[in-house]
Amino acid sequence: MNTWANIKTITKRELGAYFSSPLAFVFIVIFLLLCGFFTFMVGGFFERGEASLSASFFLWHPWFYLFLVPAVGMRLWAEERRVGTLELLLTMPITTWQAIVGKFLASWIFLGLALILTFPIVITVNYLGSPDNGVILAGYLGSWLMAGAYLSISCITSAMTRNQVVSFIVSVVICLFFILAGFTPVIRLLEGWASPWLVDAITSFSVITHFDGFQKGLLDSRDLLFFLSLILFSLFSTSVILRSRRAG
Amino acid sequence: MIKVQNLAKVFGTKRAVDGISFSVERGEVLGFLGPNGAGKSTTMRMITGFIPPTSGSVSVGGFDTVEHSIEARRMIGYLPENAPAYTDMTVHGFLNFCAEIRGLRGSAKKDAVERVVETCFLQAVLHQSVETLSKGYRHRTCFAQSIIHDPDVLVLDEPTDGLDPNQKHEVRQLIRRMGEKKAIIFSTHILEEVDAVCSRAIIIDRGRIVANGTPQELRQKSEWAGAVTARLGGVRNGVAKEKLSQLVLAKRVVVLEENPSGVLVRVYPKQASGELAWTIASLSQAEKWTLQELHTEEGRLDEVFRTITMPDTVTEDKQ
């Protein structure tokens, strides 16, 4: 298929772009250090004495991603706009959608790669005990989907500006909203004055609420649908923004 | 190949392009002239499909750039202003990417890349990162990208900007050579380029076409076209000016230089024709002036350009 060939070409180029700069290595090292530190020092992996990764390892992912994913996504469109290659890319015989999906996939694959590199912890927990590896796998899947959702939000903010810093900050704020909507202290605060249906509505927008199921090993179609529709919606918004920016 | 009809683009309240129509056929090289901000780049961006027109239409090879944008884009090679390229790639990687996205695979891709590397003299920097290239090389890299799929239509936004004189010469030759088989539009500020390369030129100002013709035709519009400069001996300024002004063909006489031995005058014709020089020669014979120098000016493009695009200021510094 021509469409997939175009998407593949763009994905390949974008992945290459990550690894031709130190960004990829810096990102991976920081991500792995953070994972290690929080799991063992803050999450108390050993003290818990549980053969599970949910409370000590996956628990932190929404918060790591809050800063790390916008850092990966911020350059996607902002850089193209700044350097002027956007004009080159969008006058090639490809659709805007192919470009958006190609770029998104490249970053998502990159995030997946970083996630896979946390495999030593899976080996550790298997060595120390006998965890349910299905649950762990579900946790990884959920984590990757959540990263994709954050990334698609970064795509929107990146398409809005030529300044990567602005893109980064705006997408952190938006992602923070998606976390806080399901963060227990915030829910408590809301319960004080809002009616229960409103609290429910707000928490159902949270990535934490939907990530919870994956951590417990539950593959709920609603959670899957939440992440996938958030990604699709954001990518669609990106295409609208790109189009309206060009229309001037 | 390229057909532009009533093309207009409005940014906010500004009409950047205001009802432009023209067409370019295969074998033509169209020069696109105009002051900064006249709407050259905007027009080119609409032709290449980067921005949609507010009204009007562009078709390339029969494909409307909005309705059938992908088919139209396949036929176009585009060099945007400032020659952007992915700074994180090597020249080789960048050209490979462009070839691939143009649908070239395998040996076709390899051949295409080799061909443009040779045409654009990029061998020396092939494995260098685009970021470290000098402006001339970056420009040529982006130019190479625009011809990698051997397109029927080339749209070049200031292709010689930032090049040294040798490179400019090479690029012009390249454009002229390719112009034999393709339809080319290129924009420029440099008027000598129009003479060197174009088969036709369009001058646009404030979003409108103000002149359209071959470089010769444009030159004819100049007040200079057919003006005669003569150095006359044995005559005083006042007399020469008076006699010359009485000539039927003369519109205006300007004294450029005056010294005891004679005067240097320039006579502007009412209409550009070769006759004026003759009549001046016979006049000076009749009046017994010694004619030391006599030549007919060709029109000057820069003067035409200025008269057309800034009509108010030209009269002041005209001699």
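Residues numbered from 1 in each chain as written. Chains lettered and ligands numbered in written order. Predicted model: local features only at pLDDT ≥ 70, side-chain atom pairs only at ≥ 80, totals over all residues.

Visitor: Residues and numbers for the overall build of chain B, please.
Guide: Assigned secondary structure in chain B consists of twelve helices and 14 strands. Against the 2.2 N^0.38 benchmark of 20 Å for 319 residues, chain B shows a C-alpha radius of gyration of 25 Å, more extended than a compact globule. Taken over the C-alpha atoms alone, chain B extends approximately 80 × 45 × 30 Å along its principal axes. For chain B, contacts bridging at least 24 residues in sequence account for 67% of all contacts bridging at least 6. (Helix = DSSP H or I, 4+ residues; strand = E, 2+ residues; numbered from the N terminus. Rg over C-alpha atoms; globule rule 2.2 N^0.38 Å. Contact = placed C-beta atoms within 7 Å.)

Visitor: A description of the environment of B:Ala211 should follow, citing residues and the corresponding values.
Guide: All names here are of chain B. Positionally, Ala 211 belongs in strand S10 (residues 208-213). Through-space distance from the C-alpha of Ala 211 to that of Ala 201 is 8.0 Å; in sequence the pair is ten residues apart. Setting aside anything within four residues of it in sequence, one finds Ala 211 in contact with Ile 203, Leu 218, Lys 221 and Ile 308.

Visitor: Which residues make up the sheet that holds strand S12 (residues 250-259) of chain B, and what values do they have?
Guide: All names here are of chain B. Ordered in space as S12-S13-S11-S14, the four strands form an open sheet in which the pairing is antiparallel. Single-partner strands in this sheet number two, and they are S12 and strand S14 (290-296). Taking the axes of each pair of neighbouring strands and ignoring which way they run, one obtains an average angle of 20° across the sheet. By the bridge criterion, six bridges tie strand S11 (residues 228-233) to strand S13 (residues 262-269) in an arrangement that is antiparallel. Within the sheet, the bridge partner assigned to Arg 231 lies in S13 and is Leu 264. Across the sheet, helix H9 (residues 237-245) touches S11, S12 and S13, and the angle it forms with S12 is around 165°. Each of S11, S13 and S14 is contacted by helix H10 (residues 275-287), which is oriented at about 175° to S14, the strand it contacts most. (Pairing = 2+ DSSP bridges. Axes fitted to C-alpha atoms, helices over the stretch in contact; angles between N-to-C directions.)

Visitor: Could you give an account of the sheet that holds strand S5 (residues 63-64) of chain B, with specific residues and numbers?
Guide: Residue and element names in this part refer to chain B. Taken in spatial order, the four strands line up as S2-S1-S4-S5 in an open sheet, and their pairing is antiparallel. Pairing within the sheet leaves two strands with one partner each, and these edge strands are strand S2 (14-24) and S5. Packing of helix H1 (residues 40-47) onto the sheet brings it into contact with strand S1 (2-11), S2 and strand S4 (55-60), and relative to S1 it is tilted by some 120°.

Visitor: Pulling in residues and values, what's your account of the packing of helix H9 (residues 133-160) of chain A against helix H10 (residues 164-180) of chain A?
Guide: All names here are of chain A. Running from N to C, H9 and H10 cross one another at 140°; their axes reach a closest spacing of 9 Å. Relative to H10, H9 is oriented oblique. Where H9 crosses over H10, the handedness of that crossing is right-handed. The segment H9 lies against H10, with Tyr 150, Ile 153, Ser 154, Thr 157 and Ser 158 engaging Ser 167, Val 170, Ser 171, Ile 174 and Cys 175. For the contact of H9 with H10, the per-class residue count stands at five nonpolar, five polar and no charged. (Parallel < 35°, antiparallel > 145°, perpendicular 65-115°, else oblique. Left-handed = near helix turned anticlockwise from the far one by under 90°. Nonpolar A, V, L, I, M, F, W, Y, C, P; charged D, E, K, R; others polar.)

Visitor: How would you sum up the domain arrangement of chain B? Please name residues and give values.
Guide: By the assigned domains, chain B splits into domain 1 (2-213) and domain 2 (228-297). Just the C-alpha atoms count here: the centres of domain 1 of chain B and domain 2 of chain B sit 47 Å apart. (Domains from an automatic or database assignment.)

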